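# Fold and geometry: a report
One-letter residues, chain by chain:
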Amino acid sequence: MRSAPSCPADRARLSWVLLQSWLSFPAHARRGQRQCQAKRDSEPVYFVHSRKFWPGQVLLSPGLALGQASRMKLSFHGAVRTTTGSRHLLEVNGARLLLDCGLYQGKRQESIERNQQFPFDPKSVDAVILSHAHIDHIGNLPNLQKQGFAGNVYCTFATRDLAAIMLEDSARIQVADAAYVSKKHKKKGMPPVEPLYLPEDAENAVRQFVSLGYERPIPVANGVTLTFRDAGHILGSAQVILDIDEGGTKRRLLFSGDIGRGDHAILRDPQPVEDIDVLLVESTYGNREHTAQSGLSDEIEALLADTLNNGGKVIIPAFSVGRTQLLVYKLHQLVDAGRLPGFPIYVDSPLSVNATEVFRLHSECFNSEIYTFLREKENPFGMDNLTYIRKASGSIKLNSLEGPAIIISSSGMCEAGRIRHHLKNHISNPNDLILFVGYCAYNTLGSVILAGIDPVYIFGEPHNVKAKIASFDGFSGHADKSELADYVKSLTGDIKKIFVVHGEEDSSLAFADTLRQLKPSAEITVPELNESFEL
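Heads up: these notes are all about the structure in this document. Since the model is a prediction, treat every value here as computed from it, not as a measurement.

### Overview of empty space enclosed by the protein
For the structure shown, the criterion picks out 5 cavities of 30 Å³ or more. Put simply, the largest cavity is a space of about 70 Å³. Lining of the largest cavity is provided by H134, H233, I234, H264, F319, V321, G322, R323, L326, F475, S476 and G477. Class assignment of the residues belonging to the lining of the largest cavity gives a composition of 5 nonpolar, 6 polar and 1 charged.

Quick look at the structure:
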């Protein structure tokens, strides 16, 4: 930061030069910028501040006198004391960088309100940086763009390709669900509901994406350099490293995103990061351990075989990205080994079909085992008894399907998509099995079913739960308590502040206690929603 000239005339002259510099930019470059002040009184405030960076521009913090130091600020607007709606706003050197822009998933009315309304002006955000392509991390980007955000969205190549299909799918699901609920409302004399955003909003948001490879540093704001490092969570997932130079003070901030478990059947292990000063770390499983990761447990294998051999159907809610592909690969191995009957398997989700095609395109993210399987043997995501269903007509035919079958459908938390129709048709059949293979956030339909609540409400109507209900967390893409602790141990540097995010409250608080033992010299905080901190 430059010091202020001592002479009032010189100060006024510098202010005029800065103002002329600002006015020299084309009109579209100046749009949305804050005006420069050119006062000649005894204590003028001089600044040039822009939400865009242009060649030759002098950037000083808004409203600060020359020579006055600005403060880095971090605000938490989602995925704090809960696991969805990831949004963390970093303000530094006059720029505003949003880490993730996810959909909040929970009680319907609360979700609508939190997703529709941003606690900051979307027009004021300079750039968005994405950790990975799950909807709870990217799903509100179209709404952000629709409300005026015009900056770049930085992500890895695989995240860009997955986000393109996921955001379009999210928009179509919201349109379809809004139409379905509006139809129900009309019968009851209630007003229709509107979708959060439309497919064209999703398309417009994707046009703002800028893709980067791992370990390719790039400046994203004045004094801020971004680097992605593999997080091992889903295809293209990344830890976000921000190297910040704030008036000569250099710091490194790490946002973990979602951290994988390591030893994944498809992906590479999370990579350690060095020289960290400030850490934002997830805590999804911060208070509990997983079961064994290597394949399905013997108990679940037996339950699958028993259900199928007795003519029942297995309904598996699964995230379209990551979980579905891992599940298909494991089922492929079980069928090949003769450990599972070769009955029909259906992946009923257009997004899952498209995501699987993206997986095939990004073998650079694979570990050596599946890379060899792909190159030397066969398609790990395809087999003779497996059918991928895109069209709604094909999905509707499954309603009258006779005989045993496995139906995999999204979403994993049962909050949207075709899975709710399959649950509606099968949750009251005692011959069928509902198998959960992933995490379900509090108050989602999936968590209600797992909690043993009977009846459950699907599309606003009660359904008795008579099917067998089982869960298996060995497929989880999230590190558990011990694995998260090992991840933090792998980080180097004098970590001064740690913010625990992306976990239900009990989980985050428990992991914060773990961190206080691991990093006794660090200040550990579990933020509240919309809480801000000056760093």
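### Description of the pattern of salt bridges
Counting across every chain of the model gives 26 salt bridges. The residue D480 makes a salt bridge to R261 at a minimum N-O spacing of 4.0 Å. Separated by 219 residues along the polypeptide, D480 in the loop between β19 (468-471) and α15 (481-490) and R261 in the loop between β10 (249-255) and β11 (278-282) bring together distant segments of the chain. We note a salt bridge from K496 to D277, for which the minimum N-O separation is 3.4 Å. Residue K496 is located in the loop between α15 and β20 (497-501), and its partner D277 is located in the loop between β10 and β11; the two are separated by 219 residues in the primary sequence. A single network of salt bridges, built from pairs that share partners, joins E215, R229, D243, R252 and E274.

### Quick look at the sheet that holds strand β12 (residues 313-317)
If you trace the 6 strands from one edge of the open sheet to the other, you get β14-β13-β15-β12-β16-β19, paired in parallel fashion. In this open sheet, the two edge strands, each paired with only one partner strand, are β14 (386-389) and β19. If you compare each strand with its neighbour and ignore which way they point, the axes differ by 20 degrees on average. Relative to strand β15 (residues 405-409), strand β13 (residues 345-348) is paired through 3 bridges, and the arrangement is parallel. Within the sheet, the bridge partner assigned to I345 lies in β15 and is I406. Along the sheet face, helix α9 (residues 323-336) touches β12, β13, β14 and β15 and points at about 160 degrees away from the line of β15. Packing of helix α10 (residues 350-361) onto the sheet brings it into contact with β13 and β14, and relative to β14 it is tilted by some 110 degrees.

### Some remarks on the pairing of strand β1 (residues 73-76)
One ladder, built from 4 bridges, connects β1 with strand β2 (residues 88-92); its direction is antiparallel. Across the sheet, L74 pairs through a bridge with L90, a residue of β2. Taken together, the 4 bridges between β1 and strand β22 (residues 531-534) define a ladder with antiparallel strand orientation. Bridge pairing in β22 places F76 opposite E531.

### Some thoughts on the sheet that holds strand β3 (residues 95-99)
Taken together, the 7 strands give an open sheet; going across it, the order is β6-β5-β4-β3-β2-β1-β22, and neighbouring strands pair in mixed fashion. Every interior strand has two partners, whereas the edge strands, β6 (209-212) and β22, have only one. Here the strands of the sheet are splayed against their neighbours by 20 degrees on average, with no regard to which way each runs. Strand direction decides the pairing type here: β3 and strand β4 (residues 127-129), joined by 3 bridges, are parallel. In the sheet register, L99 faces β4, and the bridge partner there is I129.

### Observations concerning helix α3 (residues 108-116)
Among all positions in α3, only S111, R114 and N115 are buried. Summarising the axial view, the buried residues of α3 lie within an arc of 95 degrees, below the 170-degree limit, and thus occupy one face. In the core, the buried residues of α3 are packed alongside α5 (141-146).

### A word on unusual backbone geometry
Following S410, the chain continues into S411 via a peptide bond in cis, with omega recorded as 10 degrees. With respect to the secondary-structure elements, S411 resides in the loop between β15 and α13 (419-426). The residue E215 is not glycine, and still its phi comes out positive at about 60 degrees. Inspection of the secondary structure puts E215 in the loop between β6 and β7 (218-221). The exposure class of E215 is partly exposed, given its relative accessible area of 38%.

### A short note on the nonpolar core
Generally speaking, a soluble globular protein has its nonpolar side chains buried in company with each other. Residues L141 and I408 are the most contacted members of the largest nonpolar core, which totals 72 residues. When near neighbours in sequence (up to four residues on either side) are disregarded, I408 contacts I316, A318, T324, L327, V328, L331, I345, Y346, V347 and D348. Listed in part, the 30 residues of the second largest apolar core include L212, V220, A238 and V240.

### A closer look at the state of the cysteines
Counted according to the given criterion, the structure contains 0 disulfides. Cysteine C414 shares no disulfide, and the gap to the nearest cysteine sulfur, in C440, comes to 5.7 Å. C414 sits in the buried class, given a relative accessible area of 1%.

Cut-offs used in this document
Residues numbered from 1 in each chain as written. Predicted model: local features only at pLDDT ≥ 70, side-chain atom pairs only at ≥ 80, totals over all residues. Heavy atoms only, no water. 1 Å grid on protein atoms, 1.4 Å probe; cavity = no way out; pocket = protein on both sides within 12 Å on 5 of 7 lines; lining within 4 Å. Points joined across faces, edges and corners; volume = space filled by probe spheres on them. Nonpolar A, V, L, I, M, F, W, Y, C, P; charged D, E, K, R; others polar. Salt bridge = Lys/Arg side-chain N within 4 Å of Asp/Glu carboxyl O. Helix = DSSP H or I, 4+ residues; strand = E, 2+ residues; numbered from the N terminus. Pairing = 2+ DSSP bridges. Axes fitted to C-alpha atoms, helices over the stretch in contact; angles between N-to-C directions. Contact = heavy atoms within 4.5 Å. Buried < 20%, exposed > 50% of the residue type's maximum accessible area, 1.4 Å probe, protein only. Arc of directions from axis to C-beta. Core = buried A, V, L, I, M, F, W, Y, C linked by side-chain atoms within 4.5 Å. Disulfide = S-S within 2.5 Å.

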